[in-house]
Amino acid sequence: MSQPATRLNSFDVTRVREDFPILHQTVHGHPLVYLDNGATSHKPRAVIDAVSHYYSADNSNVHRGVHALSERATVAYEGARGKVARLVNAGSSREVVFVRGTTEAINLVAASHVRPRITEGDEIVVSHMEHHSNIVPWQLLCKATGARLRVIPVTDAGELDMDAYADLLGPRTRFVSVVHVSNALGTINPVRRIVEMAHAVGAQVMLDGAQAAPHLTVDVQAIGCDFYAFSGHKIYGPTGIGVLWARPELLSGMEPYQGGGEMIRAVSFEETTYAEVPHKFEAGTPNIAGAIGLGAAIDYLDALGLEAVAAHEDDLLRYATEAVSQVPGLRIHGNARDKAGILSFVVDGIHAHDIGTILDRRGVAVRAGHHCAMPLMQRFSVAATARASFALYNTREEVDALVGALLHARELFDR
Ligand code: C6P
């Protein structure tokens, strides 16, 4: 396995880039500048090797076999759970459920925890900056139960209106589910306060950490939340693997999400008893290679040092925010005081999709669209934005390439 490139305080991005084979290619004759990390990030050699090693040396099902390969696979799979637990500072690895991704984690909590505890007239609070995966599961739940969805407004700067949040909370509030870092604005929400305020009225809180886990140090105990979710593929791990962290006493009291093998203790036609948490929530053969790859991604991040990574990304975001101001007619959406990793913008007279296409011809990959946050786009009266999202392997030179390509787009449209 390749050794990580740097250690804390000596973040050498040139060396780091050598760990990512995919970065070294040209697109339409230009060096690839990959700024679509919010959608998914690339994988270091260590992750690719870990997945490959599992399939070439250890491939077997977990928790079932008594033979050597199955034991090795189980150790690696459960080892990955322990790494996730340490990453988010969980009390124990039993608090970590492997799921497909953030979307499945939210659906699991909605179905297994909230739905059995909610009645008509109860309220669920989300915010106006949520990804669809933190809106639609709650809408489905409200439709089925008669509960009401309440929405925290977003200010023009792209921050949550915390006074309005305080006003929304009340005796009917049962559950609050908000995003830690917005995928369309980059805003870092004040999650500790959000949790404190919800707990003060007896409501529980889930945080969507899909865009936070790649950029911030997440400490679920310090935040005080009840549930936390993130996706492996956005933190340099494989697709199809994600994490639900939950307070152990809540997990124990939750209904199973799916039934099948792995999640049972004993089955008869009269009665089935369930396995201990977290296995109770992992029916069927899990994504073993995905979990092992995620564990390798966490090791990789750990070796680089999460603080060094965050500082590097913060520098890039500040540099980019300043640099894009050279582009005539460019407006940034999302000017919160606390931001991470994401620069969303529109350019007067050029549709976001055209920006995406023109940039691509220059080798610059950004996302253009509604970013699965249509209510937020409506809030800002735009159909779409272009979004540059940064990862630990991006450089200031790549930001310069982005700006150059944007100036080129401006020229084309001004002709
Ligand atoms: N956002 C983006 O380009 P999944 O698909 O389950 O791994 O993650 C869903 C999800 C949930 N919450 C937030 C804040 C997200 O950003 C995402 C995924 C990608 O912004 C793809 S739409």
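So, here's what we can say about the structure. Because the structure is a prediction, the values reported are computed rather than measured.

Surveying the vicinity of the ligand reveals 18 residues, the closest of which are Thr103, Asp208, Gln211, Ser231 and Arg367. At a separation of 2.8 Å, an oxygen atom of the ligand approaches a polar side-chain atom of asparagine 183. The fraction of the free accessible surface of the ligand (520 Å²) that becomes covered by protein chains is 87%. Most atoms of the ligand, that is more than half of them, are within 2 Å of grid points of the largest pocket. Among the residues making up the shell around the ligand, the classes are represented as four nonpolar, 10 polar and four charged.

Here the focus is unusual backbone geometry. Along the chain, valine 277 connects to proline 278 via a cis peptide bond; the corresponding omega equals 5°. Examined against the element boundaries, proline 278 turns out to sit in the loop between strand E12 (272–274) and helix H10 (288–304). Backbone geometry at asparagine 89 places phi at a positive 55°, although glycine is not the residue there. Mapped onto the secondary structure, asparagine 89 falls in the loop between helix H3 (68–87) and strand E4 (96–99). The partly exposed category is assigned to asparagine 89, whose relative accessible area is 33%. One non-glycine residue with positive phi stands out, namely tyrosine 236, at about 75°. Within the secondary structure layout, tyrosine 236 lies in the loop between strand E9 (227–231) and strand E10 (242–246).

This part covers the pairing of strand E7 (residues 173–179). Most of E7 is tucked away, with six of its seven residues classed as buried. Bridge count between strand E5 (residues 123–127) and E7: three bridges; the pairing is parallel. Looking at E7, one finds that glutamate 123 is bridged to threonine 173. When E7 meets strand E8 (residues 204–208), the two strands line up parallel, connected through five bridges. Across the sheet, residue serine 177 finds its bridge partner in E8, namely methionine 206. Regarding topology, helix H7 (residues 191–200) serves as the crossover connection from E7 to the parallel E8, and that connection is right-handed.

In this section: the packing of aromatic side chains. Considering all chains together, one arrives at eight aromatic pairs under this definition. Between phenylalanine 20 and tyrosine 300 the ring centres are 5.8 Å apart and the planes differ by 85°, which places this aromatic pair in the edge-to-face class. Separated by 280 residues along the polypeptide, phenylalanine 20 in the loop between helix H1 (13–18) and strand E1 (26–27) and tyrosine 300 in helix H10 bring together distant segments of the chain. The two residues phenylalanine 20 and tyrosine 300 agree in class, both being buried. Here tryptophan 138 and phenylalanine 175 contribute two aromatic rings whose centre-to-centre distance is 5.3 Å and whose plane-to-plane angle is 35°, an arrangement assigned as tilted. Linking tryptophan 138 in helix H5 (residues 136–145) with phenylalanine 175 in strand E7, this pair joins segments that are 37 residues apart in sequence. Lying across the ring of phenylalanine 380, arginine 379 places its NZ or CZ 4.8 Å from the centre.

Let us look at the pattern of salt bridges. Taken as a whole and judged by the stated rule, the model has 22 salt bridges. Of the charged contacts in the structure, one is a salt bridge between arginine 72 and aspartate 58, with a shortest N-O distance of 2.7 Å. In this pair, arginine 72 is assigned in helix H3 and aspartate 58 in helix H2 (residues 45–58), connecting sequence segments 14 residues apart. A salt bridge links lysine 83 to aspartate 299; the nearest nitrogen and oxygen atoms lie 2.8 Å apart. Taken together, the residues span a long stretch of sequence, with lysine 83 in helix H3 and aspartate 299 in helix H10 at a distance of 216 residues.

This part is about the nonpolar core. Within the largest apolar cluster, 79 residues are counted, with the highest numbers of intra-cluster contacts made by Tyr165, Val176, Tyr228 and Leu392. When residues of this core are assigned to their parent elements, the largest contribution, 11 residues, is made by H10. Both of domain 1 (49–302) and domain 2 (305–414) provide at least three residues apiece to this core. Not counting residues up to four positions away in its chain, the partners in contact with leucine 392 are Phe11, Val13, Val16, Phe20, Tyr236, Tyr300, Leu301, Leu304, Val309, His312 and Glu313. By size, the runner-up hydrophobic cluster in this structure holds 28 residues, among which are Leu317, Leu330, Ile332 and Ile358.

A word on the environment of arginine 331. Counting through the fold element by element, arginine 331 comes out in strand E13 (residues 330–333). A relative accessible area of 44% places arginine 331 in the partly exposed class. A sequence separation of 13 residues divides arginine 331 from serine 344, and the C-alpha atoms of the two residues are 8.6 Å apart. Those residues in contact with arginine 331, other than ones at most four positions away along the chain, are Ser344, Phe345, Val346 and Asp348. Here aspartate 348 takes part through its side chain, which lies 3.2 Å from a polar atom of the side chain of arginine 331.

For aspartate 19, the position within the fold is in the loop between H1 and E1. For the buried residue aspartate 19, which engages in no salt bridge, the nearest side chain bearing the opposite charge is arginine 15, 4.1 Å off.

The rules behind the values
Residues numbered from 1 in each chain as written. Predicted model: local features only at pLDDT ≥ 70, side-chain atom pairs only at ≥ 80, totals over all residues. Heavy atoms only, no water. Near = heavy atom within 4 Å. Polar contact = N/O pair within 3.5 Å; in protein donor to acceptor, adjacent residues only side chain to side chain. Areas by Shrake-Rupley, 256 points an atom, 1.4 Å probe, with all protein chains shown as cover. 1 Å grid on protein atoms, 1.4 Å probe; cavity = no way out; pocket = protein on both sides within 12 Å on 5 of 7 lines; lining within 4 Å. Sits in = over half its atoms within 2 Å of the grid points. Nonpolar A, V, L, I, M, F, W, Y, C, P; charged D, E, K, R; others polar. Helix = DSSP H or I, 4+ residues; strand = E, 2+ residues; numbered from the N terminus. Buried < 20%, exposed > 50% of the residue type's maximum accessible area, 1.4 Å probe, protein only. Pairing = 2+ DSSP bridges. Right-handed = clockwise from strand over helix to strand, strands pointing away. Phe/Tyr/Trp six-rings, centres within 6.5 Å; stacked < 30°, edge-to-face > 60°. Lys NZ or Arg CZ within 6 Å of the ring centre and 35° of its normal. Salt bridge = Lys/Arg side-chain N within 4 Å of Asp/Glu carboxyl O. Core = buried A, V, L, I, M, F, W, Y, C linked by side-chain atoms within 4.5 Å. Domains from an automatic or database assignment. Contact = heavy atoms within 4.5 Å. Lys, Arg positive; Asp, Glu negative; His and termini not counted.

In short, shape yes, function no, at least from these values alone.
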